[in-house]
Protein chains: 2
Amino acid sequence: MSATPPTSLPAAPLTYEQAGVNYDLIDPLKVAAQRAAAATGANLAAHGFGEVVASRGESAYVVDIGPMYLASIVECLGTKTLVADEMARLTGTSRYDAIAQDTIAMAVNDLITVGATPLVVQAYWAAGGSDWFGDAARAQALVAGWKKACDTCGVAWGGGETPALAGIVADGRVDLAASCTGIVSPKSRLSLGEHLGAGDAIVFLASSGIHANGLSLARKLAERLPKGYLTDIGNGQTFGDALLAPTALYSPVTEALAAAGIVPHYSANITGHGWRKLMRHPHTLSYRITAVPDKTPVLAFMQRECGLDDHEAYGTLNMGAGFALYLKAADADRAVAIARGLGVDAIIAGHVEAGPKRVLIDPLGVTFGGDELQLR
Amino acid sequence: MSATPPTSLPAAPLTYEQAGVNYDLIDPLKVAAQRAAAATGANLAAHGFGEVVASRGESAYVVDIGPMYLASIVECLGTKTLVADEMARLTGTSRYDAIAQDTIAMAVNDLITVGATPLVVQAYWAAGGSDWFGDAARAQALVAGWKKACDTCGVAWGGGETPALAGIVADGRVDLAASCTGIVSPKSRLSLGEHLGAGDAIVFLASSGIHANGLSLARKLAERLPKGYLTDIGNGQTFGDALLAPTALYSPVTEALAAAGIVPHYSANITGHGWRKLMRHPHTLSYRITAVPDKTPVLAFMQRECGLDDHEAYGTLNMGAGFALYLKAADADRAVAIARGLGVDAIIAGHVEAGPKRVLIDPLGVTFGGDELQLR
């Protein structure tokens, strides 16, 4: 608990499970889909190709097409648009430029975990009706933000879909997603964890805020704050503005690492499940964190206001660490310097150890056991 | 007009424009997005690659990655799920197996137009809440149909997203889309119309029904039929069942053509805008149709019941032709035989001529001028 006085009345802690998504209903479908999907990998043999089996269950799917690997992904933004819509109503300003970057970040930051260079992004903007596209300021912000994020990541915006889906997407809303395709070239850049092992350094790249995970919780919190999204989080920023900081884009860092000859053994995009994601690789290894980065102000505010203990906060939100690189220890200092040189703060946060599958956050006395992350 | 008595009371003709999508609102955003997207093609130079400029405005985006071309796309199913949902309510049977095939067809049938071999499909299934995934029969049908369509197309199902988006996707509904990535290899298979010209034969591959375009119109029609989706369309089938025939998958045909050494000069997936799509290539050419395939029964029914003249029907719906191949005339007979050998009916439907940009359907006396198709 923090000593800072809460800006809302004392209330029961607000947990992620209360915030709306029931994975018990989704998971049986996911498991069935994963099994069926795995069985289709053999279809590639007819073309003379094959899947990289180790990419099943990782953040992007990888196919061996001979001279290089092909990586692809589709990613949904989630419900962050609901925050942008409410803030536009409250302030008159559309932040769909930031929302566009969030959507691209969801796809690009996942794609790069396998060692891929993102090349093409496709836009998926499904609106609740034609009217949605008639708000010119919002539409221009979305287009401008999408282009800028593509430029930052060095990807081509290939095209996309802008359907009007009255009756499927809610009136006045938009369902945003992005697909991303890239290549792993040279093939030695593939980073699916084959070489991940004890002694590797863990480098954290700083997050820019909540990114696009934990928004259901943030929206629940806004409902119970007397001033809602207009609550000052303690640094002069409103809660809504702070939530809408666009997600950091990490592909400039991973490309610069490759250019410097540094190939991570593994990478993890810290999204849903917070730091539990640090143990996402199937290997049985322990991940010891010895240095904890600054929480971004909005996440510190959420932890305090929701009454989350560290176990819950770090197991749900990114808490300042947006992306983890697992590297040969000798490469860690240089990787940190390269990231900082690109304006992305980075720290050597810990290391990998032999031991049971778990994450140990020493400075906080928090441990996540292997049973606390079920992704596959 | 047909001599068959209408099964509904006489009423005003029902046109596509009345059926709900206002392109005047969407188009300014699309144009802005297309311009911004085009400007990002130059980003590929930093990776030593370049876009294939002629693929801008085509059905899939193509990048030259050296030894081969990379093609990618994301496609939305549209509103066909609303028909499946209503039919499930009326009959107790989920046809989400067919819906899955429709969704994949939207992506695959577009991707192959550029000469690509589809390799990977990603699933995007965004539901209105976790509950949607709790209907086990529907979920199983969706998974099974998705896998089967991937197997038919020889693609690997790479993975995907199954978000629960309460507040964005309508309660009880699902927003379905698919991304597809493929390669053009050897590079000589690229078919962006460079060689399209007078004398080329036009071969039609048969559609299996309405596919996934024109569903807004179909839903409007169902509303005004006394028996709605349970109306017999004249062959013992209900309107709803006929609408839910899954979209034909054409990649087995295009792969077999390639294996036989036949490279189309161009291809068009007949989706929205019906046969107006036949003139989608930017070249100034006339497309003369001399043989019209059988309308599928459901499209004949819709034309009759909506009171559409041939100009409107053929300019909106596929009317029995799901995909058009533009080939060297000497290859046409063999292409037809190859398609039929795979169980896809095909006919030599006409040819390309010098002349103004237009489509002439001689047997029907219908002409579409170049100004009747604005895609770019």
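The written sequence of each chain sets the order in which its residues are numbered from 1. Written order decides the labels, with chains lettered from A and ligands numbered from 1. Totals for whole chains, interfaces and linings use every residue, but because this is a predicted model, local features are given only for residues with pLDDT of at least 70 and side-chain atom pairs only at 80 or more, for both listing and counting. Just so you know, side-chain values use all the structure's heavy atoms and leave hydrogens and water out.

> Break down the overall build of chain A for me, citing the residues and quoting the values.
When helices and strands are counted, chain A shows 10 helices and 13 strands. To get the radius of gyration, use the C-alpha atoms; to get the globule rule, take the number of residues to the power 0.38 and multiply by 2.2 Å. Computed over the C-alpha atoms, the radius of gyration of chain A is 20 Å, within 12% of the 21 Å expected from 2.2 N^0.38 for a compact globule of 376 residues. If one aligns the C-alpha atoms of chain A with their principal axes, the spans along those axes are about 55 × 50 × 45 Å. Within chain A, buried positions represent 60% of all 376 residues. Working rule for contacts: check all heavy atoms of both residues, and any pair within 4.5 Å makes them a contact. Pairs at least 24 residues apart make up 82% of the contacts formed inside chain A by residues separated by at least 6 positions. We get accessible surface area from the Shrake-Rupley algorithm with a probe of 1.4 Å; when it comes to residues, only the shown protein chains can shield them. Within the structure as shown, chain A displays about 13100 Å² of accessible surface, and the carbon and sulfur contribution to it stands at 53%. Charged residues are defined here as Lys and Arg on the positive side and Asp and Glu on the negative side; His and the ends of the chain fall outside this count. Throughout, a charge is located at the NZ atom of Lys, the CZ atom of Arg, the CG atom of Asp or the CD atom of Glu. Charge separation in chain A, taken as the distance between the mean sites of 28 positive and 36 negative side-chain charges, equals 1 Å. Runs of E in the DSSP output that reach at least two residues are strands. Runs of H or I that reach at least four are helices, and both are numbered from the N terminus. Classification of residues uses two cut-offs on accessible area relative to the type maximum, computed with a 1.4 Å probe and protein chains only: under 20% is buried, over 50% is exposed, and between them is partly exposed.

> Report on the domain arrangement of chain A, specifying residues and quantitative values.
All names here are of chain A. The split of the chain into domains comes from an automatic or database domain assignment. Domain assignment breaks chain A into domain 1 (40-189) and domain 2 (201-372). Averaged C-alpha coordinates put domain 1 and domain 2 at centres separated by 21 Å. With 34 residues of domain 1 at the interface, the matching set in domain 2 holds 34 residues. Note on domain 1 versus domain 2: buried area summed over both sides is about 2700 Å², and carbon and sulfur give 62% of it. Salt bridges are defined by distance alone: a side-chain nitrogen of Lys or Arg within 4 Å of a carboxyl oxygen of Asp or Glu. Summed over the shared surface of domain 1 and domain 2, the number is 2 salt bridges. The partner of Arg280 in a salt bridge is Glu58, and the shortest N-O contact between them spans 3.9 Å. At 10 residues, helix α3 (residues 96-111) tops the list of elements feeding residues into the side of domain 1 that touches domain 2. Tallied by class, the residues present in the side of domain 1 that touches domain 2 amount to 17 nonpolar, 10 polar and 7 charged. Buried area: the sum, over both parts, of the accessible surface (1.4 Å probe) that disappears when the two are put together. Charged means Asp, Glu, Lys or Arg here, nonpolar means Ala, Val, Leu, Ile, Met, Phe, Trp, Tyr, Cys or Pro, and polar covers whatever is left, Gly included.

> Tell me what's going on with helix α8 (residues 297-306) of chain B, and back it up with residues and numbers.
One turn of the α-helix equals 3.6 residues, which is why residues spaced by three or four share an orientation. All names here are of chain B. Among the 10 residues of α8, 7 are classified as buried, and the element is accordingly described as predominantly covered. Taken as a whole, α8 has its buried residues at Val298, Leu299, Phe301, Met302, Gln303, Glu305 and Cys306. Those residues of α8 that are buried are in contact with α5 (215-224), α6 (239-243) and α9 (310-314). Downstream of α8 by a residue or two, Gly307 has a phi angle that is positive, lying close to 65°.

> Can you lay out the relation of the copies chain A and chain B for me, pointing to particular residues and giving the numbers?
Least-squares superposition aligns the copies on the C-alpha atoms of those residues with pLDDT at or above 70 in both. Least-squares fitting of chain A to chain B yields an RMSD of 0.0 Å, with the superposition described by an axial translation of 0.0 Å and a rotation of 180°. Given the turn and translation reported, the copies of this chain are related as if by a two-fold rotation axis. Taking C-alpha positions as the reference, the residue of chain A nearest the rotation axis is Val169(A), at 2.1 Å.

> An account of the interface of chain A and chain B is requested, with residue identities and associated values reported.
When the parts come together, some accessible area is lost, and that loss is often what is quoted as the size of the interface. Contacts between the two partners involve 78 residues from chain A, matched on the other side by 78 residues from chain B. Between chain A and chain B the total buried area reaches about 6000 Å² when both faces are included, carbon and sulfur atoms providing 70% of it. Considering only the side of chain A, the residues that lose the most area to chain B are Leu29(A), Val74(A) and Ile168(A), jointly responsible for 12% of the buried surface there. Taken together, the connections running from chain A to chain B amount to 0 salt bridges. In protein, a polar contact requires one atom able to donate a hydrogen and another able to accept it; more generally it is a pair of N or O atoms within 3.5 Å, and residues adjacent in sequence count only if both atoms are side-chain atoms. Remark: the boundary between chain A and chain B carries 21 residue pairs in polar contact (both at pLDDT 80 or more). Among the residues forming the side of chain A that touches chain B, the class breakdown is 46 nonpolar, 22 polar and 10 charged.

> Summarise the packing of α3(A) against helix α4 (residues 136-153) of chain A; cite the residues concerned and give the values.
Residue and element names in this part refer to chain A. Where α3 meets α4, the axes come as close as 7 Å, and the angle between the chain directions of the two elements is 40°. Taken together, the axes of α3 and α4 lie oblique to each other. Read as a crossing pair, α3 and α4 show a hand that is right-handed. Between α3 and α4, the residues in contact are Tyr96, Asp97, Ala100, Gln101, Thr103, Ile104 and Val108 and Arg138, Ala141, Leu142, Gly145, Trp146, Ala149, Cys150 and Cys153, respectively. Between N-to-C directions, angles cover 0 to 180 degrees, with each direction set by a line fitted to C-alpha atoms, over the stretch in contact for helices. Throughout this description, any angle smaller than 35 degrees is read as roughly parallel, any larger than 145 degrees as roughly antiparallel, any in the 65 to 115 degree range as roughly perpendicular, and the remainder as oblique. What makes a crossing left-handed is the near helix being turned counterclockwise from the far one by less than a right angle; a clockwise turn instead makes it right-handed.

> How would you summarise the sheet that holds strand β13 (residues 366-369) of chain B if you had to cite specific residues and measurements?
Residues and elements named next belong to chain B. At least two DSSP bridges between two strands are required for those strands to pair. Strand order in the open sheet formed by 7 strands is β8-β10-β7-β11-β9-β12-β13, with mixed pairing between adjacent strands. Edge strands, defined here as strands with exactly one partner in the open sheet, are β8 (266-269) and β13. Averaged over all pairs of adjacent strands, the angle between strand axes in this sheet comes to 20°, irrespective of strand direction. In terms of strand pairing, strand β12 (residues 358-361) meets β13 through 4 bridges, oriented antiparallel. Across the sheet, residue Arg358 finds its bridge partner in β13, namely Gly369. Of the strands in this sheet, β7 (201-206), β10 (321-327) and β11 (346-353) are in contact with helix α10 (residues 332-341), which crosses β11 at around 150°.

> Residues and numbers for the packing of aromatic side chains, please.
In this analysis, rings of Phe, Tyr and Trp, with Trp reduced to its six-membered ring, are considered paired at centre separations within 6.5 Å, and the interplanar angle assigns stacked below 30 degrees, edge-to-face beyond 60, and tilted for intermediate values. Using the criterion set out here, one finds 25 aromatic pairs over all chains in the structure. Between the aromatic rings of Trp275(A) and Tyr314(A), the centroid separation amounts to 4.8 Å while the plane-to-plane angle is 85°, which identifies the pairing as edge-to-face. One end of the pair, Trp275(A), is in the loop between β8 (266-269) and β9 (286-289); the other, Tyr314(A), is in helix α9 (residues 310-314), with 39 residues separating them in the sequence. Judged by its relative accessible area of 0%, Trp275(A) falls in the buried class. Look at Tyr96(B) and Trp132(B): their rings are 5.5 Å apart centre to centre, the planes differ by 65°, and that puts the pair in the edge-to-face class. Of the two residues, Tyr96(B) is situated in helix α3 (residues 96-111) and Trp132(B) in the loop between β4 (117-127) and α4 (136-153); the sequence distance between them amounts to 36 residues. Clustering of aromatic rings is evident, with ring pairs tying together Tyr96(A), Trp132(A) and Phe133(A).

> Which residues make up the confidence of the model for chain A, and what values do they have?
Averaged over all residues, the pLDDT of chain A is 94; the fraction at 70 or higher stands at 94%. Here the complex is predicted with pTM 0.94, and the ipTM for its interfaces comes to 0.94. Per residue, pLDDT measures the predictor's confidence, with a range of 0 to 100.

> How would you explain the pairing of strand β6 (residues 174-184) of chain A if you had to name every residue and give the values?
Residues and elements named next belong to chain A. Burial runs high along β6: 11 of the 11 residues are buried. Going residue by residue along β6, you find Val174, Leu176, Ala178, Cys180, Gly182 and Val184 tucked away on one face and Asp175, Ala177, Ser179, Thr181 and Ile183 tucked away on the opposite face as well. With 8 bridges connecting them, strand β3 (residues 69-76) and β6 associate as antiparallel partners. Bridging from a neighbouring strand, Ala71 pairs with Gly182 of β6.

> I'd love a proper account of the sheet that holds β9(A), names of residues and values included.
All names here are of chain A. Taking strand neighbours across the sheet as the criterion, the 7 strands line up as β8-β10-β7-β11-β9-β12-β13 in an open arrangement whose pairing is mixed. Across the chains shown, the open sheet's two edge strands, defined by having one partner strand only, are β8 and β13 (366-369). Neighbouring strand axes in the sheet, compared pairwise and without regard to direction, differ in orientation by 20° on average. Where strand β7 (residues 201-206) meets strand β10 (residues 321-327), 6 bridges bridge the pair, whose relative direction is antiparallel. For Ala201, the partnering residue across the bridge sits in β10 and is Leu327. Here helix α10 (residues 332-341) sits on the sheet in contact with β7, β10 and β11 (346-353), set at roughly 150° to β11.

> Let's hear about the environment of Val336(B): which residues, and what values?
Residues and elements named next belong to chain B. Take Val336: it is sitting in helix α10. Val336 sits 33 residues away from Gln303 along the chain, and the two C-alpha atoms are 27 Å apart. With sequence-adjacent residues up to four places away left out, Val336 is seen in contact with Val203, Ala346, Ile347 and Ile348.

> Go over the environment of Leu119(B) with me, naming the residues and quoting the values.
Residue and element names in this part refer to chain B. Within the fold, Leu119 resides in strand β4. Here Leu119 falls in the buried class, since its relative accessible area comes to 0%. The sequence separation of Leu119 and Ala156 amounts to 37 residues, and the corresponding C-alpha distance is 6.1 Å.

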